[in-house]
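Notes for the structure review
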Amino acid sequence: MRTTELVEGFRHSASYVNAHRGKTFVVMLGGEALAQRQFRSIINDIALLHSLGIKIVLVHGARPQIDEALAAHDLTPEYYNGVRISDEESFKVIKQVVGGLQLDITARLSMSLSNTPMQGAQINVVSGNFVIAQPLGVDNGVDYCLSGKVRRIDVAGLRRQLDNHGIVLLGPVAASVTGECFNLTAEEVATQIAVKLKADKMIGFSAKEGIIDSTGEVIAELMPTDAQRILSELTDEDNWCVGTRAFLQASIDACRNGVARCHFVSYLDDGALLQELFSRDGIGTQIVTESAERLRRATIADIGGVLDLIRPMEQSGILVRRSREQLEMEIEQFMLIERDGLVIGCAALYPFEEDNAGEFACLVVHPDYRDADRGSILLNNIIGQAKVRGYARLFALTTRSIHWFLEHGFQIVEVDALPDKKKQLYNYQRKSKILALDL
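Note that the structure is a prediction, hence the values are computed from the model and not measured.

What to know about the environment of Ala386
By secondary structure assignment, the location of Ala386 is in helix H13 (residues 374–388). Those residues in contact with Ala386, other than ones at most four positions away along the chain, are Leu349, Tyr391, Leu394 and Leu439.

Below, the structure written as structure tokens:
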């Protein structure tokens, strides 16, 4: 990678670093991922996320390791409806395998090597009885024995550890209120924790780069209904392992219960986790809630919603006043963020074709929705449009948001840098600062 590419990539990722800081991620590492040589890099990347201020609950699986260990003990794995039956003899092996993996992950997170994100850092890895289990019992005459399910999550305990800057590490074995241990699925543990913690993201790994469409391309984003349809259409010929199918179902369940985004990345691609989280296009598939906001182009029917949004800013003098007639003529230049029918954000791209430039204007986000960096979403969309049109520069005029534009890569310029038509309209009494972004 050339130096300029490294610098640009680092600058580009800064907004994502800020957006993710303080957020809660539940990361599920299936046993298939733990068995890969990329496992060490994934753990290092998880430590890097932690160092950036992201709160992490790491849930690991052990399905292939358990099957291998059972075979070594001449024990045949038994399943019913896709769930492992854990009798007493097999459960002894299961506990050994899960305990060993948990120690391996803890050791990896405890390293302090000069070539890892843990250099000079002390990471507290916390495990404990944050998950309370209960037995699955008997289903249609089949006794699941010591296989169980989640009964309760100690949300307060988890939050204390996360607020104390620890990484919480949990496996698929948990205790019950009667003092017994039960074998759970890591997918259920991760889902229940993500839902109860109201996590911002749940992340899982598979051999594939994400969910693949019929042309072999990665599907960048799916709604839960679409993901469910794809899951129902998968066949054994699609070569998806049990863990991957299970996490896809877990993602659907998590989204339907309030987790805004679930990410699906490959454990075979080095750095896939970082590329998914810190690049504009990502590298995997994300499953998003069906009530997610929509970013779309404005139409004449949106005039009322846009006026309601911008009028307070005009009255306070932050924006130049636009008449309804003017807005009707310019509405096609606007992009909107809509949530449940309400316009909660807008921005416009005014063309100056003769100067190969565009103006980023009228950026407004509803006061109740200014906590998710929606302004950056609108700006990135406008930048994308400007690049498609072949513009060399994007400029903006502002009296109040100078630092915001500077943080997004703009530079302060003089009036002479404006396109001729815009220069003639510049209001010297208003004294707006002029900022420009080279594309």
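Quick look at the sheet that holds strand E22 (residues 411–413)
Either a parallel or an antiparallel arrangement is found when strands of a sheet pair, and the pairing is made through backbone hydrogen bonds. Taken in spatial order, the 7 strands make up an open sheet running E17-E18-E19-E20-E21-E23-E22, and their pairing is mixed. The open sheet has two edge strands, strand E17 (294–297) and E22, and neither has a second partner. The average angle at which neighbouring strand axes cross in this sheet is 30°, direction not considered. Where helix H11 (residues 303–315) meets the sheet, its contacts fall on strand E18 (334–339), strand E19 (342–352) and strand E20 (357–365), and the angle it forms with E19 comes to roughly 85°.

Points about the layout of surface pockets
If a probe the size of a water molecule is rolled over the atoms, the empty space left behind becomes visible. Considering only enclosed or pocket space, the second largest pocket measures out at about 1100 Å³ in volume. Residue lining of the second largest pocket: 40 residues in total, with Leu319, Arg322, Ala361, Cys362 and Leu397 positioned closest to the centre. When the residues that make up the lining of the second largest pocket are grouped by side-chain class, the tally is 20 nonpolar, 8 polar and 12 charged.

Structural notes on empty space enclosed by the protein
For the structure on display, the rule yields 2 cavities of 30 Å³ or more. A volume near 40 Å³ is recorded for the second largest cavity. Along the walls of the second largest cavity sit Ile42, Asp45, Phe205, Ser266, Asp269, Gly271, Ala272 and Leu273, which together make up its complete lining. For the lining of the second largest cavity, the elements supplying multiple residues, two or more each, are helix H3 (39–51) and helix H10 (272–278). A per-class count over the lining of the second largest cavity returns 4 nonpolar, 2 polar and 2 charged.

As for the pattern of salt bridges
Per the counting criterion, the structure on display carries 15 salt bridges. Between Arg296 and Asp302 there is a salt bridge, and its shortest N-O distance comes to 2.8 Å. One salt bridge in this structure joins Glu338 and Arg296, with 3.1 Å as the shortest N-O distance. Taken together, the positions of Glu338 in strand E18 and Arg296 in strand E17 put the pair 42 residues apart, joining distant regions of the chain.

Thoughts on helix H6 (residues 155–163)
When H6 is considered as a whole, its buried residues turn out to be Val155, Gly157, Leu158 and Leu162. Seen end-on, H6 carries its buried residues on one side only, within an arc spanning 165°. Structurally, H6 contributes buried residues whose contacts are with strand E1 (24–29), strand E2 (55–60), strand E9 (148–153), strand E10 (166–170) and helix H7 (186–197). Just downstream of H6, His165 is the residue with a positive phi angle, here 70°.

Some points on the packing of aromatic side chains
Applying the stated criterion across every chain, the model contains 7 aromatic pairs. With 5.5 Å between their ring centres and 15° between their planes, Phe247 and Phe264 make a pair best called stacked. Residue Phe247 is located in helix H9 (residues 242–256), and its partner Phe264 is located in strand E15 (residues 261–266); the two are separated by 17 residues in the primary sequence. Grouping residues by exposure puts Phe247 and Phe264 together as buried. Taking the centre distance of 6.0 Å and the plane angle of 75° together, the rings of Phe360 and Phe405 count as edge-to-face. Placement of Phe360 in strand E20 and of Phe405 in helix H14 (residues 402–407) is noted, with a sequence separation of 45 residues between them. Considered together, Phe360 and Phe405 belong to a single accessibility category, that of buried residues. Taken together, Phe360, Trp404, Phe405 and Phe410 form an aromatic cluster joined through their ring pairs.

Details of the environment of Ala107
As for its position among the elements, Ala107 is in helix H5 (residues 88–109). Judged by relative accessible area, which is 45%, Ala107 ranks as partly exposed. Separated by 18 residues in sequence, Ala107 and Val125 have C-alpha atoms that sit 9.3 Å apart.

Rules of the game
Residues numbered from 1 in each chain as written. Predicted model: local features only at pLDDT ≥ 70, side-chain atom pairs only at ≥ 80, totals over all residues. Heavy atoms only, no water. Helix = DSSP H or I, 4+ residues; strand = E, 2+ residues; numbered from the N terminus. Contact = heavy atoms within 4.5 Å. Pairing = 2+ DSSP bridges. Axes fitted to C-alpha atoms, helices over the stretch in contact; angles between N-to-C directions. 1 Å grid on protein atoms, 1.4 Å probe; cavity = no way out; pocket = protein on both sides within 12 Å on 5 of 7 lines; lining within 4 Å. Points joined across faces, edges and corners; volume = space filled by probe spheres on them. Nonpolar A, V, L, I, M, F, W, Y, C, P; charged D, E, K, R; others polar. Salt bridge = Lys/Arg side-chain N within 4 Å of Asp/Glu carboxyl O. Buried < 20%, exposed > 50% of the residue type's maximum accessible area, 1.4 Å probe, protein only. Arc of directions from axis to C-beta. Phe/Tyr/Trp six-rings, centres within 6.5 Å; stacked < 30°, edge-to-face > 60°.

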